[in-house]
Amino acid sequence: MNVLSIPTWMVHVSSVVEWTVAILFVWTYAQVSAKLYWRSLSWGMLPGLVSAMCACTWHFFDNPASLDWLVTLQASLTVIGNCTLCLAGLWIFRSSACQKTDH
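Since the model is a prediction, treat every value here as computed from it, not as a measurement. (Residues numbered from 1 in each chain as written. Predicted model: local features only at pLDDT ≥ 70, side-chain atom pairs only at ≥ 80, totals over all residues. Heavy atoms only, no water.)

Engineer: Please give an account of helix 1 (residues 6–33) that cites residues and values.
Structural biologist: Taking 1.5 Å per residue as the helical rise, helix 1 with its 28 residues ought to reach 40 Å, and the 40 Å between its terminal C-alpha atoms agrees with that figure. Listed as buried for helix 1 are Val16, Ile23, Val26 and Ala30. In the core, the buried residues of helix 1 are packed alongside helix 2 (39–60). Positive phi shows up at Ala34, right after helix 1, with a value of about 65°. (Helix = DSSP H or I, 4+ residues; strand = E, 2+ residues; numbered from the N terminus. Expected span 1.5 Å × (residues − 1). Buried < 20%, exposed > 50% of the residue type's maximum accessible area, 1.4 Å probe, protein only. Contact = heavy atoms within 4.5 Å.)

Here you go:
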């Protein structure tokens, strides 16, 4: 009854893969550009990734009531992830502003 269709699974799995690749790209950019403060964005993206993994896990097991705690964890990690992304953006903004004033 709650099984996801193949196209929906494709969206779920590709979103997790894309988010993982984005984290790696941001981390690589930080290393290559020597702007290590960009790593804060990679760290800030991790709660969102774990949140998506919670959703996929819950759906994989056909949304059982015994795993309803995953829904709560997923929602909590989404809120936490939004906050960490906001803080990472602020950190990047302030760090880049400091670099500009140093020149």
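Resuming the write-up.
Engineer: Run through helix 2, naming residues and quoting values.
Structural biologist: In this model, helix 2 (22 residues) spans 31 Å end to end at C-alpha, consistent with the 32 Å of a helix rising 1.5 Å per residue. When the local axis directions of helix 2 are compared, the greatest deviation, roughly 25°, occurs at Leu46, which is followed within four positions by the proline Pro47. After helix 2 finishes, the residue Asp62 shows a positive phi value of roughly 65°. (Bend = angle between axes of the 7 residues up to and from the residue.)

Engineer: So what's going on with the packing of aromatic side chains? Which residues, and what values?
Structural biologist: With the rule as written, the count across this model stands at 3 aromatic pairs. A ring pair is formed by Tyr29 and Trp38, whose centres lie 5.3 Å apart and whose planes are at 85°; its orientation type is edge-to-face. Overall, Tyr29 belongs to the partly exposed group, its relative accessible area being 39%. Residue classification places Trp38 among the partly exposed residues on the basis of a relative accessible area of 24%. Aromatic pair Phe60 and Phe61: ring centres 5.1 Å apart, planes at 90°, arrangement edge-to-face. Residue Phe61 is classed as partly exposed on the basis of its relative accessible area, which comes to 49%. (Phe/Tyr/Trp six-rings, centres within 6.5 Å; stacked < 30°, edge-to-face > 60°.)

Any functional reading would require information that these geometric values do not contain.
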